[in-house]
Amino acid sequence: MRNPVIIYTDGACRGNPGPGGWGAVLQHGENLLELYGGETETTNNRMELTAVIKALEALKYPCDIQLYSDSKYVLQGISEWLANWKKRGWRTAAKKPVQNVELWQQLDALVEQQGNIQWHWVKGHSGDPGNELADQLANKGIDEL
């Protein structure tokens, strides 16, 4: 059996675009890892994607992952849009280039490496402790720019 890991991710932006931050919480048994960072000029969607990427990059070996995000952009992208974007050469149904393509490509590669990720949507700012902590970390990423 592979190691079970619970991950919560969140992105934040003050202005869109504007200064942004990302936060991730990884839990393996009793161990908790908190990650965060920020960028001076970015978008909320980029920070949401970056949070997931940074969380998956932090894993040292393949795990069974339960990943929670309040970003419908990330969750729909990974579960509904990604396969067709790849088939169309990273273009949308409207034949336009996919926004944030380099981040989507990074995420796609990490998902392939991990293999077993269950994706879950959680309502933001609704009192879920993991989501609230990820949100606090994302805001810390902005505050420390």
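Residues numbered from 1 in each chain as written. Predicted model: local features only at pLDDT ≥ 70, side-chain atom pairs only at ≥ 80, totals over all residues. Heavy atoms only, no water.

J.: Teacher, can you tell me more about unusual backbone geometry here?
T.: Cis geometry is found at the peptide bond from N16 to P17, where omega equals 15°. Relative to the elements of secondary structure, P17 occurs in the loop between β1 (3–13) and β2 (18–28). One non-glycine residue, K95, adopts positive backbone phi at about 70°. Mapped onto the secondary structure, K95 falls in the loop between α2 (72–87) and α3 (101–114). Notably, N100 is not glycine yet its phi reads approximately 60°, a positive angle. (Helix = DSSP H or I, 4+ residues; strand = E, 2+ residues; numbered from the N terminus.)

J.: Teacher, can you tell me more about the nonpolar core here?
T.: The nonpolar side chains of a soluble globular protein tend to be buried, and buried together. If you look at the biggest cluster of nonpolar residues, it comprises 30 residues, and the most contacted ones within it are I7, L26, L56, L59, I65, W104 and L107. Where this core is concerned, the elements lending two or more residues are β1, β2, α1 (44–57), β4 (63–69), α2 and α3. Looking at which element gives the most residues to this core, the answer is α1, with seven residues. Those residues in contact with I65 that lie beyond four places of it in its chain are V5, I7, L56, L59, Q114, N116, I117 and Q118. (Core = buried A, V, L, I, M, F, W, Y, C linked by side-chain atoms within 4.5 Å. Buried < 20%, exposed > 50% of the residue type's maximum accessible area, 1.4 Å probe, protein only. Contact = heavy atoms within 4.5 Å.)

J.: Looking at this model, I keep getting lost on the pattern of salt bridges. Mind explaining?
T.: When charged atoms on two side chains of opposite charge get close, those side chains can pair. Counting across every chain of the model gives four salt bridges. One salt bridge connects K86 with D108, and the closest N-O pair in it is separated by 2.9 Å. You can see K86 sitting in helix α2 and its partner D108 sitting in helix α3, a full 22 residues away along the chain. A relative accessible area of 36% places K86 in the partly exposed class. Judged by its relative accessible area of 11%, D108 is buried. When salt bridges that share partners are traced, they join K86, D108 and E112 into one network. (Salt bridge = Lys/Arg side-chain N within 4 Å of Asp/Glu carboxyl O.)

J.: Where do I start with the sheet that holds β4 in this structure?
T.: Strand order across the open sheet formed by five strands is β3-β2-β1-β4-β5, with mixed pairing between neighbours. Of all strands in the sheet, those with a lone pairing partner are β3 (31–42) and β5 (117–121), marking the two edges. Averaged over all pairs of adjacent strands, the angle between strand axes in this sheet comes to 20°, irrespective of strand direction. Of the pairings in the sheet, the one linking β1 to β4 comprises seven bridges and is parallel in character. Within β4, the position partnered with I6 by the bridge is Q66. Of the strands in this sheet, β4 and β5 are in contact with α2, which crosses β5 at around 140°. Contacts between helix α4 (residues 129–143) and the sheet are confined to β1, β2 and β3, with β2 contributing the most and set at about 140° to the helix. (Pairing = 2+ DSSP bridges. Axes fitted to C-alpha atoms, helices over the stretch in contact; angles between N-to-C directions.)

J.: Honestly, the packing of aromatic side chains in this entry has me stumped. Any pointers?
T.: Here the structure, examined in full by the defined rule, presents five aromatic pairs. Each ring, one from Y8 and one from Y68, has its centre 4.8 Å from the other, and the planes form 15°; the classification is stacked. Placement of Y8 in strand β1 and of Y68 in strand β4 is noted, with a sequence separation of 60 residues between them. Here Y73 and W104 contribute two aromatic rings whose centre-to-centre distance is 5.4 Å and whose plane-to-plane angle is 70°, an arrangement assigned as edge-to-face. Separated by 31 residues along the polypeptide, Y73 in helix α2 and W104 in helix α3 bring together distant segments of the chain. For the pair shown, Y73 and W104 are each scored as buried. An aromatic cluster of three or more residues is present, and its members are Y73, W81, W85 and W104. (Phe/Tyr/Trp six-rings, centres within 6.5 Å; stacked < 30°, edge-to-face > 60°.)

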